Amino acid sequence: MNTVEKMFYKFLNSMPLENVKENDSNYINSWKNSVEQLEKMGYVELKYNDIIEYIKESEYVNCYKNFINKINYSLLLKSDVHGLPHIIRSSIYTLIICAYEKIKLEDFKIALECIFYHDIGRINDIDDDYHGYNATKKLLFLDEKYDNNIVNIIKFVITCHCLEDDKYYEVLNYYQIDNKEIALKILNVIKDADALDRVREYPYLDIKYLRTETSKKLVDFAYIFYQNFKF
């Protein structure tokens, strides 16, 4: 059983920590303030245990299990910030968002390719608007798995995950994406999955960057999940 499998099975059988131990008051304040803001906007946070039970009963679980058996680990950045721990957590956020948003399974598979390889263009952990595009140069192996249209959607999403919104349509045209609706839907999932794991470092998660309805109900979960799965 590989590392991702071990962590995923641990997640499926986990219970939230009763007392979260975090000495950084900024972390606690960010957590509380984010949840309070979302509650004022009408979002009710999903409960940790309810999320796990929902995922266990969903059709997305087997798809995720099959996918993580075929990950190309050699491509992943060796880093505590953007390396395997971040990729595992953000992939689980991708699973949860897709399940609650009822994304089609074939689109969920595309989303998994995007989230597992979105940071492989990095050479370090500093801000870099081009690491998404640089990652697409390492995706030649996808040509054997998918047709050109799907590969281009994956490249579009990975390129744009670190860009501002006003760049999207330029990149859509660059990759000659026909199904723009699907490409943008998957991009929103990946942006949210990546953003939710911002709880791992200061200044932490900014809820204004969350796009899907589900992600806005996962903020409390994200802070607890990180405490459970810092590894």
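In what follows, the structure referred to is the one given above.
Procedures and definitions
- Residues numbered from 1 in each chain as written.
- Predicted model: local features only at pLDDT ≥ 70, side-chain atom pairs only at ≥ 80, totals over all residues.
- Heavy atoms only, no water.
- Helix = DSSP H or I, 4+ residues; strand = E, 2+ residues; numbered from the N terminus.
- Rg over C-alpha atoms; globule rule 2.2 N^0.38 Å.
- Buried < 20%, exposed > 50% of the residue type's maximum accessible area, 1.4 Å probe, protein only.
- Contact = heavy atoms within 4.5 Å.
- Areas by Shrake-Rupley, 256 points an atom, 1.4 Å probe, with all protein chains shown as cover.
- Lys, Arg positive; Asp, Glu negative; His and termini not counted.
- Charge placed at Lys NZ, Arg CZ, Asp CG, Glu CD.
- 1 Å grid on protein atoms, 1.4 Å probe; cavity = no way out; pocket = protein on both sides within 12 Å on 5 of 7 lines; lining within 4 Å.
- Points joined across faces, edges and corners; volume = space filled by probe spheres on them.
- Nonpolar A, V, L, I, M, F, W, Y, C, P; charged D, E, K, R; others polar.

Q: In this structure, what is going on with the overall build of the chain? I would like to understand it.
A: Across its full length, the chain holds eleven helices and zero strands. Ordered by position from N to C terminus, the α and β elements of the chain give α-α-α-α-α-α-α-α-α-α-α. Since a compact globule built from 231 residues should have a radius of gyration of about 17 Å, the 17 Å found for the chain is in line with a globular shape. When burial is assessed residue by residue, the chain has 54% of its 231 residues classed as buried. Put simply, 76% of the contacts in the chain that link residues at least 6 apart link residues at least 24 apart. If you sum the accessible surface of the chain, you get close to 11800 Å²; carbon and sulfur atoms cover 47% of it. Measuring between centres, the 30 positive side-chain charges of the chain sit 3 Å from its 37 negative side-chain charges.

Q: In this structure, what is going on with the layout of surface pockets? I would like to understand it.
A: Empty pockets left among the atoms are what a rolling probe the size of a water molecule brings to light. One number sums up the size of the largest pocket: a volume of about 810 Å³. Lining the largest pocket are 25 residues, and of these His 161, Cys 162, Lys 191, Asp 194 and Arg 198 lie nearest its centre. Per-element accounting of the lining of the largest pocket gives the leading share, three residues, to helix H10 (residues 180-196). Per-class residue counts for the lining of the largest pocket are seven nonpolar, three polar and 15 charged. Lining of the second largest pocket is provided by Asp 129, Tyr 130, Tyr 133, Thr 159, Leu 163, Glu 164, Lys 167, Glu 170, Val 171, Tyr 174 and Tyr 175.

Q: Is there a simple way to explain helix H11 (residues 219-228) in this structure?
A: Here H11 lies mainly inside the structure; nine of its ten residues are buried. Those residues of H11 lying buried are Val 219, Phe 221, Ala 222, Tyr 223, Ile 224, Phe 225, Tyr 226, Gln 227 and Asn 228. Buried residues along H11 sit in contact with helix H1 (3-12), helix H2 (25-40), helix H3 (48-56), helix H5 (84-101) and H10.

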